[in-house]
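Residues per chain are reported as follows:
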Amino acid sequence: MTLSSTEAAPAAASHAVPGAERVDRIRAAAQRIRHHALNMGEVQGQGYVGQALGAADMLAAVYGDQLTFRAEDPHWEGRDRFLLSTGHYAIGHYAALAEAGIVPVSELETYGSDDSRLPMSGMSTYTPGMEISGGSLGHGLTIAVGMALGLRAQGSGSRIINFLSDGELDEGSTWEAAMGAHHHQLGNLTALVDINALQADGATDTVLRTEPVTEKWEAFGWYTQRVDGNDVGALLAAFDNIAAVAGPVGRPSVILCDTKVGRGVPLLETREKAHFMRIEEHEWQICREQLTEGYEGTASA
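Along each chain, residues carry numbers from 1 onward, in the same order as the chain's sequence is written. Owing to the predicted nature of the model, reporting of local features is limited to residues with pLDDT of at least 70; listing and counting of side-chain atom pairs is limited to 80 or more, with chain, interface and lining totals taken over all residues. Computation of side-chain values covers all heavy atoms of the structure but excludes hydrogens and water.

Draft legend 1. Region of interest: the packing of helix α2 (residues 20-44) against helix α3 (residues 49-66). For the pair α2 and α3, interaxial distance at closest approach is 8 Å and the crossing angle is 140 degrees. It follows from the interaxial angle that α2 and α3 lie oblique. The way α2 lies across α3 gives a crossing that is right-handed. Touching Arg 22, Arg 25, Ile 26, Ala 29, Ala 30, Ile 33, Arg 34, Ala 37, Leu 38 and Gly 41 of α2 are Val 49, Ala 52, Leu 53, Gly 54, Ala 56, Asp 57, Leu 59, Ala 60, Ala 61, Gly 64, Asp 65 and Gln 66, all from α3. Three classes are used: nonpolar for Ala, Val, Leu, Ile, Met, Phe, Trp, Tyr, Cys and Pro, charged for Asp, Glu, Lys and Arg, and polar for all others, with Gly counted as polar. Of the residues that constitute the contact of α2 with α3, the class distribution is 13 nonpolar, four polar and five charged. Every axis corresponds to a line fitted to the C-alpha atoms, with the helix fit spanning only the stretch in contact, and the corresponding angles, defined between N-to-C directions, vary from 0 to 180 degrees. Where helices and strands are cited, they refer to DSSP runs of H or I of at least four residues and of E of at least two residues respectively, numbered from the N terminus. Angular relationships are summarised with four words: roughly parallel below 35 degrees, roughly antiparallel beyond 145, roughly perpendicular across 65 to 115, and oblique for the angles in between. Each crossing is labelled by how the near helix is turned from the far one, with a counterclockwise turn of less than a right angle marking it left-handed and a clockwise turn marking it right-handed. Whether two residues are in contact is decided by their heavy atoms, any of which lying within 4.5 Å being enough.

Structure below.
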């Protein structure tokens, strides 16, 4: 398990290690999310499958361990809110919603089809549990700030978790929102950033260098941790650290998650053009087999 922060975690949580049962439960959920994503991707033969595989551990930790919600009532007022700022990650989000029981697993077969509630980019008007329509990068955190302010003003104890990507950190509006969140002391807001080092135009650091990203978030006043986003134990420990310091009023928190596009499927991990993947018909079963072998510990990758 890896967990790092230039600011020490609270003493009560800094040495806490999530229990094996808890870690195994979330790892198993992430594995099912990955399989769901492959099944959905095969419906279209292409898509943002690599991001879904890379972010599966993050999504499993959020829905399986962190969010308070009612699967049978996605609009329950007392729920925590998960905002998918990166609308093109919807395939992974749908898989997580199915794992959480909010969307039927059988409905995943309709992904991207006409009249489906599961369009290829996230739309809140269509999908149960989808809080915002993402896709215009840089809008998610600004919405999250307003939502966190509104919930706190209502006396709600609900939390906001906003999922962003490293490419989205190119957007100036993201940093304006980060500054505003600290100004308003939104302790009920957590940003979860997928750092997979890849965006549509190439490697993230060749498009617009954001490093040193940890120091940037800290300079904006956020409680900042950077972890291996494919290490479930590290993710859970980071959330535990936040729980030890978070409240309705206080510093907002961010977990910077280093992930690998295509995680768990060596065939896709090594694809040069991995932002939007075209996967051949005969390759889908290979992907499933590699994913299963790797999880069982029998694969070399």
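From this point, the discussion proceeds with the structure in view.
Draft legend 2. Main features of the packing of α2 against helix α4 (residues 90-99). In contact at an axis separation of 8 Å, α2 and α4 are set at 125 degrees when each is read in the N-to-C sense. Between α2 and α4, the crossing angle belongs to the class labelled oblique. When the axes of α2 and α4 are compared, the crossing they make is right-handed. Between α2 and α4, the residues in contact are Ala 29, Arg 32, Ile 33, His 36, Ala 37, Met 40 and Gly 41 and Ile 91, Gly 92, Tyr 94, Ala 95, Ala 96 and Glu 99, respectively. Grouping the constituent residues of the contact of α2 with α4 by class yields eight nonpolar, three polar and two charged.

Draft legend 3. Representation of unusual backbone geometry in the model. The peptide bond linking Glu 211 to Pro 212 adopts the cis configuration, its omega dihedral lying at 5 degrees. Within the element layout of this structure, Pro 212 appears in the loop between α7 (204-207) and α8 (213-219). Of note in this structure, Asp 115 is not a glycine but carries a positive phi near 65 degrees. Structurally, Asp 115 is set in the loop between α4 and α5 (140-153). Exposure categories follow from relative accessible area, calculated using a 1.4 Å probe and restricted to protein chains: below 20% of the type maximum is buried, above 50% is exposed, and the middle band is partly exposed. Residue Asp 115 is classed as exposed on the basis of its relative accessible area, which comes to 82%. Despite not being glycine, Gln 185 shows a phi value in the positive range, around 55 degrees.

Draft legend 4. Representation of α3 in the model. A helix is expected to span 1.5 Å for every residue after the first. Under the 1.5 Å per step criterion, the end-to-end length of α3 is 24 Å for 18 residues, consistent within 8% with the ideal 26 Å. In the structure, α3 departs most strongly from a straight axis at Ala 55, where the bend amounts to approximately 55 degrees. Of all 18 residues making up α3, 16 are buried, and the element is well covered by its neighbours. Two axes define the bend at a residue: one fitted to the seven residues ending there, one fitted to the seven starting there, and the bend is the angle between them.

Draft legend 5. Looking closely at the pairing of strand β3 (residues 81-84). Because side chains alternate across β3, one face comprises the buried residues Arg 81 and Leu 83, and the other comprises Phe 82 and Leu 84, equally buried. Here, strands pair whenever DSSP counts at least two bridges between them. Relative to strand β4 (residues 160-165), β3 runs parallel, the two being bridged by four bridges. By the bridge assignment for β4, Arg 81 is matched with Ile 160.

Draft legend 6. Broad picture of the packing of aromatic side chains. In this scheme Phe, Tyr and Trp rings, the latter by its six-membered ring, pair at centre separations within 6.5 Å, and the angle between planes marks the pair as stacked below 30 degrees, edge-to-face above 60, and tilted otherwise. For the coordinates displayed, the defined rule picks out eight aromatic pairs. Linked through ring pairs, Tyr 63, Phe 69, Phe 82, Tyr 89 and Phe 163 together constitute an aromatic cluster.

Draft legend 7. Just the side chain of Gln 225, in detail. Mapped onto the elements of the fold, Gln 225 is located in strand β8 (residues 223-228). Among the polar contacts made by the side chain of Gln 225, one reaches the main-chain carbonyl oxygen of Ala 238 at a distance of 3.1 Å. We define a polar contact as two N or O atoms separated by no more than 3.5 Å, with the added condition that, inside protein, one atom must be a possible hydrogen donor and the other a possible acceptor, whereas residues neighbouring each other in sequence contribute only through side-chain atom pairs.

Draft legend 8. Inspection of helix α6 (residues 172-183) at higher detail. The end-to-end C-alpha separation of α6 is 17 Å, in line with the 16 Å expected for 12 residues at 1.5 Å each. Taken together, the buried positions of α6 are occupied by Thr 174, Trp 175, Ala 177, Ala 178 and Ala 181. For α6, the angular spread of the buried residues around the axis is 155 degrees, confining them to a single face. Turned more than 90 degrees off the buried face of α6, the exposed positions are Glu 176, Met 179 and His 183. Those residues of α6 that are buried are in contact with α5, β4, β5 (189-195) and α8. Of the residues flanking the end of α6, it is Gln 185, one or two places downstream, whose phi is positive at about 55 degrees. Think of it as the arc spanned by the lines of direction from the helix axis to the C-beta atoms.

Draft legend 9. Region of interest: the environment of His 88. Inspection of the secondary structure assignment puts His 88 in the loop between β3 and α4. Take His 88: its relative accessible area is 13%, and that puts it in the buried class. On a C-alpha basis, the gap between His 88 and Met 120 in space is 6.9 Å, while along the polypeptide they are 32 residues apart.

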